[in-house]
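# Structure assessment
Listed below are the residues making up each chain.
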Amino acid sequence: MRYIFLFFILLKSLLFSFDYPNKSIEFVVGLGEGGSADRMTRNMAALLQKELGVHINVKTIKTNGSLDAANYVLKEPHDGYKVFCSTFSPYLLNLIISKKADFSLNDFEIINLQWFEQDFIAVGKDSEFNSIVEILNYIKKNPKELKVALINKSSGHILFKLLLEKFNIPFKDVDIKLYNGGGSARKALLESKVDLLIIAAQGSEKYREYIKPLAIVSNKPSKRWDAPTLNDTIKDTGITMPIIHGPIRGIAVSKKFKEDFPHRFRILENAIKKTLAKKSVHRYLKRKNIGYTWIGSQNSKKILQNSYEDFKKFNYLIED
């Protein structure tokens, strides 16, 4: 009886998949308009329309750091016409870790993580500071004077507090300004409202002439920014910092969609894979400073799970 039931489920999936897609698809963005996740989504939607042969609408649900967008996708019909696009790490992961979400990472099928960003630690172009060690020594000698811009509950937020902890500097000795978006945090540095900024490096490209990077949060030097890695710049102190993943953006669907309509899932997956394989797409997205990596579902799950473990380990630093 069980095999007959499974046969009919498979038959239903195939019958309803041959004409997929036959109407507009909605890409749901879990962050604000004009931000990096929104730019990635709108550009990918335009590219995928050609591959899938239907119009793709972009719906922005920017409240609660992806929570409302995630809930919207999970509560809609799981038929392949609602696709979730967001900065999955750190925002979605933090919602799950903090138990503000009533879903888990396993409720989603990550089709692909295509845009990986490194954080960097930067000051204004004319700043007197030239290294991380100088910054830390200044804080110790001048408590509460240094102003730092961080995106709330981001990888940079965790990193900076961990840096203070490692160097035995009380959090209260720094004036930490928390922002909800990269635009406002970068603007604070450019307008000299803060002295230091930790944020995604690639998203800062257009401000290059106004920014002096002090360190790249990576195990390898950046090809884009002339700055040492974080651990290289503090190596003389004998302290080593763990490398926390910067923002990771991609495209996902509900797990139930893949289970109920595996053929439709493969159509959507192959369309994204084929699009990201084109050199013309690489050139187009590179000009717009948008990532274009294809790593597939299995690798995406592993990376996001590893990132989840990192954020879970250090979540005590950014708890409300």
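Right, let's walk through the structure included here. (Residues numbered from 1 in each chain as written. Predicted model: local features only at pLDDT ≥ 70, side-chain atom pairs only at ≥ 80, totals over all residues. Heavy atoms only, no water.)

## As for the packing of aromatic side chains
We count it as follows: Whether two aromatic rings pair depends on their centres lying within 6.5 Å, for rings of Phe, Tyr and Trp, where Trp uses its six-membered ring; planes under 30 degrees apart make the pair stacked, over 60 edge-to-face, and the rest tilted. Here the term buried applies to any residue with accessible area under 20% of the maximum for its type, exposed to any over 50%, and partly exposed to those in between, with areas from a 1.4 Å probe on protein chains only. Sitting over a ring, as applied to charges here, requires NZ of Lys or CZ of Arg to be within 6 Å of the ring centre and within 35 degrees of the ring normal.
Counting across every chain of the model gives nine aromatic pairs. With centroids separated by 5.2 Å and ring planes inclined at 75°, the aromatic side chains of Phe129 and Tyr138 adopt a geometry described as edge-to-face. The class of Phe129 is buried, set by a relative accessible area of 7%. Since its relative accessible area comes to 23%, Tyr138 is described here as partly exposed. The structure contains a cluster of three or more aromatic residues connected by ring pairs, namely Tyr20, Tyr81, Phe257, Phe261 and Phe265. For Lys59, the ring lying beneath its charged end belongs to Tyr72, and the centroid distance is 5.4 Å. Here Arg208 stacks its cationic end above the ring of Trp225, 4.1 Å away from the centre of that ring.

## Let's talk about helix H10 (residues 262-276)
The criterion, for reference: In this text, helices come from DSSP runs of H or I with a minimum length of four residues, and strands from runs of E with a minimum of two, each type numbered from the N-terminal end. Working rule for helices: expected span equals 1.5 Å times residues minus one. The directions considered for the arc run from the helix axis to the C-beta atoms.
For H10, spanning 15 residues, the distance from its first C-alpha to its last is 21 Å, which sits close to the expected 21 Å at 1.5 Å a residue. Three or more residues of H10 are buried, namely Arg264, Phe265, Leu268, Glu269, Ala271, Ile272, Thr275 and Leu276. Each buried residue of H10 lies within a common arc of 155° when the element is viewed along its axis, so the set occupies one face.

## Regarding the sheet that holds strand S3 (residues 82-89)
What links the strands of a sheet is backbone hydrogen bonding, and the strands pair in either a parallel or an antiparallel sense. The cut-off we apply is this: Strand pairing follows a simple DSSP-based rule, namely that at least 2 bridges must link the two strands. Axes here refer to lines fitted to C-alpha atoms; in helices the fit is confined to the stretch in contact. Angles between the N-to-C directions go from 0 to 180 degrees. Contacts are assigned to residue pairs with any non-hydrogen atoms lying within 4.5 Å of each other.
Spatially, S2-S1-S3-S10-S4 is the arrangement adopted by the five strands of the open sheet, whose pairing is mixed. Since the sheet does not close on itself, it has two edges, and those belong to strand S2 (56-60) and strand S4 (108-116), each with one partner. On average, each strand axis in the sheet is tilted by 25° relative to the strand beside it, whichever way the strands run. Of the pairings in the sheet, the one linking S3 to strand S10 (residues 248-254) comprises five bridges and is antiparallel in character. In the strand pairing of S10, Cys85 is matched with Ile251. The strands touched by H10 are S3, S4 and S10; relative to S4, the strand with the most contacts, the crossing angle is about 10°.

## A short note on empty space enclosed by the protein
Note the threshold: Of the two site types, the cavity is a set of points on a 1 Å grid over the protein atoms alone where a 1.4 Å probe fits but cannot get out, and the pocket is an open set with protein on both sides within 12 Å along at least five of seven lines, each lined by residues with an atom within 4 Å of a point. Grid points are joined across faces, edges and corners, and a volume is the space filled by probe spheres set on the points. Put simply, Ala, Val, Leu, Ile, Met, Phe, Trp, Tyr, Cys and Pro go in the nonpolar bin, Asp, Glu, Lys and Arg in the charged bin, and everything else, Gly too, in the polar bin.
Within this structure, the stated rule accounts for two cavities of 30 Å³ or more. What lines the largest cavity is simply Val73, Pro77, His78, Asp79, Gly80, Tyr81, Lys82, Val253, Ser254 and Phe257. Taken together, the residues that form the lining of the largest cavity break down as five nonpolar, three polar and two charged. Empty space within the second largest cavity amounts to approximately 30 Å³. Lining of the second largest cavity is provided by Ile121, Ile132, Ile135, Leu136, Phe160, Leu163 and Leu196. The set of elements that each furnish at least two residues to the lining of the second largest cavity consists of helix H5 (132-141) and helix H6 (155-166). For the lining of the second largest cavity, the element with the most residues is H5, which contributes three residues.

## Quick notes on the pairing of strand S1 (residues 25-29)
To keep it simple, the criterion reads: With the strands pointing away from the viewer, any crossover whose connection runs clockwise from the first strand over the helix to the second is right-handed.
By the criterion of burial, S1 is predominantly enclosed, with five of the five residues buried. Taken together, the five bridges between S1 and S2 define a ladder with parallel strand orientation. Bridging across to S2, Val28 finds its partner in Lys59. The handedness of the S1 to S2 crossover, carried by helix H2 (residues 36-52), is right-handed. With four bridges joining them, S1 and S3 adopt parallel strand pairing. Its bridge partner lying in S3, Val29 is registered against Cys85.

Geometry only, nothing functional implied.
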